[in-house]
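Take a look at the letters that make up each chain.
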Number of protein chains: 2
Amino acid sequence: MPQGQPSVVPDDGLTTRQRRNRPLVLVHTGPGKGKSTAAFGLALRAWNQGWPVGVFQFVKSAKWKVGEERALRVLGDTGEGGTVAWHKMGEGWSWVQRDSQFSNEEAAREGWEQVKRDLAAETYKLYVLDEFAYPMHWGWVDPAEVVSVLRDRPGHQHVVITGRNAPQELCDVADLVTEMTKVKHPMDAGQKGQRGIEW
Amino acid sequence: MPQGQPSVVPDDGLTTRQRRNRPLVLVHTGPGKGKSTAAFGLALRAWNQGWPVGVFQFVKSAKWKVGEERALRVLGDTGEGGTVAWHKMGEGWSWVQRDSQFSNEEAAREGWEQVKRDLAAETYKLYVLDEFAYPMHWGWVDPAEVVSVLRDRPGHQHVVITGRNAPQELCDVADLVTEMTKVKHPMDAGQKGQRGIEW
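Residues numbered from 1 in each chain as written. Chains lettered and ligands numbered in written order. Predicted model: local features only at pLDDT ≥ 70, side-chain atom pairs only at ≥ 80, totals over all residues. Heavy atoms only, no water.

Visitor: Describe the overall build of chain A, with residues and values.
Guide: Of regular secondary structure, chain A possesses 7 helices and 6 strands. Starting at the N terminus, the α and β elements of chain A follow one another as α-β-α-β-α-β-α-β-α-α-β-α-β. Looking at chain A residue by residue over its 199 residues, the buried ones come to 55%. Accessible area of chain A: about 8400 Å², with a carbon and sulfur share of 46%. (Helix = DSSP H or I, 4+ residues; strand = E, 2+ residues; numbered from the N terminus. Buried < 20%, exposed > 50% of the residue type's maximum accessible area, 1.4 Å probe, protein only. Areas by Shrake-Rupley, 256 points an atom, 1.4 Å probe, with all protein chains shown as cover.)

Okay, structure coming up:
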C-alpha cells in the first residue's frame, strides 16, 4: 500500500502532526462481508500500539466472532500490547446484573450508555462498536445523540462502528466510511457458514 | 449477524456438511479500506480453530501492517491456537538467499512459486495472499495460472487474496468476493495515515 499524499491540505490551522493524530470515527457498512473482521483487524494495530481496546458487541447471538474474541483476549492477556476488554450484549453486558430482564432494545440502549460513560472517562483508546449500526437503524438508539457524543468526546479516542445501514448522519460525521459490497457470496451458491471462516 | 439461510440449495449431490466444509477462495478487492484488515481478522478465526496460517505479503514496503504481523506472530507463539508463518516480499522472502537481487516482478513471481509449493504440500489451512491482486493486475503473475492452481489445490485449504483490481477470472472462480468501496476517507480531508490506524 503506497503512503498516500493528501490531495487537499485543509486550511484548519493544524500541523500535519496534529492532523495525523486526530482521533477518528470509522464506519464499516454495506451488505458485504468484512465489516467486523476489518474492525477486529484494526484492533490488532491498536493492541500493537499498546492501546487499551474496548469491544462492545451489539448482537444477540454469542455464537459469532468467537475466533476474534478469543484471539484478542489472549493478546490482551500477554501483556505485550494493549489491554482488551470484551463486552457482549448477547450474554448480557458484563457490568449488568445477571438477573436483569432486558429486551433487545433495552440491552442495546444499556450498551450505548456504557459506551458514553467510557468515552467520558477515556477508558479506551480504540472502541469497536460491533454491529452498532443496527440499533441506530432500528431507532433504538438515536443517531443524533451518537453523533453529538462522538463529536464532543474528550481526549484521543478512536471509534469504529460496524453494521449495515449506518445512518447518514453518522456517515456525515465519520472520518472514514467504507462500504463493503457483496459481489459474490458462498450462500448464493447454497453454501452455509463454516467454522474458521464465518466464526 | 444472523445465521443466514441459503436462498438456493444447489443440485450438486453434496450434503450440507460437505458443502459447509468446502475449502474457499475469498477475494477482498475494491478501492476502499479494510481489504487486508478483514483478511487478518479472518486469520484470527483460523488461529482459533488451530489451523496453520500462512501469510504472504506481496508488498514492497515493510512498514505497513506491523500491527497485524506482531499480533499474529504473538498469537502463533502462544501455542493456544494455530501456528502462524509470515512471509514478506518487502524484506526479501524468508526462504530466499539474502544476497539475491530480485526485481519486484521477480520477487512477486518467487512468492507465488512458494505459494504453489505450499499448496501442493498442504502446508497451511489458511493462506493470506496479501496485496496479491497487484502482481496479477500488473501481469507479473498470470491470473489464468493462479485460477488453475487454486481450482486444483488438494485437501482442505482456504485462500484469501486482497488488493485492488482483482482480475475478473479470479473473481469468477472465487467463492466469495467483497468489494470495499471508498465512501469517505480521511486523506480526502488532507489527513495523513496515522499510527495504530493505518499500521
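Visitor: I'd love a proper account of the side chain of Thr178(B), names of residues and values included.
Guide: Looking at where Thr178(B) falls in the secondary structure, it is placed in strand 6 (residues 176-184). For Thr178(B), a relative accessible area of 0% puts it in the buried group. Apart from residues lying up to four places away in sequence, Thr178(B) is in contact with Gly32(A), Lys33(A), Met180(A), Thr181(A), Val27(B), His28(B) and Thr29(B). (Contact = heavy atoms within 4.5 Å.)

Visitor: Residues and numbers for the pairing of strand 4 (residues 126-130) of chain A, please.
Guide: Residue and element names in this part refer to chain A. Burial analysis of strand 4 places 5 of its 5 residues in the buried class, the great majority of the element. Alternating residues of strand 4 divide into Leu126, Val128 and Asp130 and Tyr127 and Leu129, and every residue in both groups is buried. In this sheet, strand 5 (residues 158-162) lies alongside strand 4 in parallel orientation, the contact comprising 4 bridges. Bridging across to strand 5, Leu126 finds its partner in His158. (Pairing = 2+ DSSP bridges.)

Visitor: Quick one: what's the story with the environment of Ser61(B), residue by residue and with numbers?
Guide: All names here are of chain B. By the element assignment, Ser61 lies in the loop between strand 2 (53-57) and helix 3 (66-78). Since its relative accessible area comes to 32%, Ser61 is described here as partly exposed. For the pair Ser61 and Met89, spaced 28 residues apart in sequence, the C-alpha to C-alpha distance is 8.4 Å.

Visitor: So what's going on with the packing of aromatic side chains? Which residues, and what values?
Guide: What the rule picks out here adds up to 22 aromatic pairs over all chains. Ring geometry for Trp138(A) against Trp140(A): centres 5.0 Å apart, planes inclined by 55°, an arrangement best described as tilted. A ring pair is formed by Trp112(B) and Phe132(B), whose centres lie 5.5 Å apart and whose planes are at 25°; its orientation type is stacked. Here Trp112(B), found in helix 4 (residues 104-121), pairs with Phe132(B), found in the loop between strand 4 (126-130) and helix 5 (133-137); they are 20 residues apart in sequence, far enough to count as distant. On the accessibility criterion, Trp112(B) (0% relative accessible area) is buried. Site record: aromatic cluster; members linked through ring pairs are Phe56(A), Phe58(A), Trp93(A), Trp95(A), Trp112(A), Tyr124(A), Tyr127(A) and Phe132(A). (Phe/Tyr/Trp six-rings, centres within 6.5 Å; stacked < 30°, edge-to-face > 60°.)

Visitor: Help me get a handle on the pattern of salt bridges, residues and values and all.
Guide: Opposite charge on two side chains allows them to pair when their charged atoms are near. With the rule as written, the count across this model stands at 18 salt bridges over all chains. Linking Arg117(B) and Glu110(B) is a salt bridge whose minimum nitrogen-to-oxygen distance equals 3.1 Å. On the basis of relative accessible area, Arg117(B) is assigned to the partly exposed category, the value being 41%. A cluster of three or more residues bridged by salt bridges with shared partners is formed by Glu69(A), Arg73(A), Lys88(A) and Glu91(A). (Salt bridge = Lys/Arg side-chain N within 4 Å of Asp/Glu carboxyl O.)

Visitor: Go over the packing of helix 4 (residues 104-121) of chain A against helix 6 (residues 143-151) of chain A, please, and point to the residues and values.
Guide: Residue and element names in this part refer to chain A. Following both chains from N to C, one finds helix 4 and helix 6 inclined at 15°, their axes separated by 11 Å at the closest point. Considered as vectors, helix 4 and helix 6 are oriented roughly parallel to each other. Judged by the twist between their axes, the crossing of helix 4 over helix 6 is left-handed. Contacts between helix 4 and helix 6 pair Trp112, Lys116 and Leu119 from the former with Glu145, Val146, Val149 and Leu150 from the latter. (Axes fitted to C-alpha atoms, helices over the stretch in contact; angles between N-to-C directions. Parallel < 35°, antiparallel > 145°, perpendicular 65-115°, else oblique. Left-handed = near helix turned anticlockwise from the far one by under 90°.)

Visitor: Which residues make up unusual backbone geometry, and what values do they have?
Guide: Look at Asn165(A): it is not a glycine, yet its phi comes out positive at around 55°. Here Glu131(B), not a glycine, exhibits a phi torsion of approximately 65°, which is positive. Residue placement: Glu131(B) occurs in the loop between strand 4 and helix 5. Take Glu131(B): its relative accessible area is 4%, and that puts it in the buried class.

Visitor: Which residues make up helix 2 (residues 35-48) of chain B, and what values go with them?
Guide: With 14 residues, helix 2 of chain B extends 21 Å between its outermost C-alpha atoms, agreeing within 8% with the 20 Å of an ideal straight helix rising 1.5 Å per residue. Looking at the residues trailing helix 2 of chain B, positive phi occurs at Gly50(B), about 80°. (Expected span 1.5 Å × (residues − 1).)

Visitor: Any details on the sheet that holds strand 1 (residues 25-29) of chain A? Residues and values, ideally.
Guide: Here 12 strands make up an open sheet; going across it, the order is 3(A)-2(A)-4(A)-5(A)-1(A)-6(A)-6(B)-1(B)-5(B)-4(B)-2(B)-3(B) and the pairing mixed. Edge positions in the open sheet fall to strand 3 (84-88) of chain A together with strand 3 (84-88) of chain B, since each of these has one partner strand only. Pairs of neighbouring strands in the sheet enclose a mean axial angle of 15°, with direction left out of account. Docked against the sheet, helix 2 of chain B engages strand 1 (25-29), strand 2, strand 3, strand 4, strand 5 (158-162) and strand 6 of chain B, running at close to 165° with respect to strand 4 of chain B. Each of strand 2, strand 4 and strand 5 of chain B is contacted by helix 4 of chain B, which is oriented at about 165° to strand 2 of chain B, the strand it contacts most.

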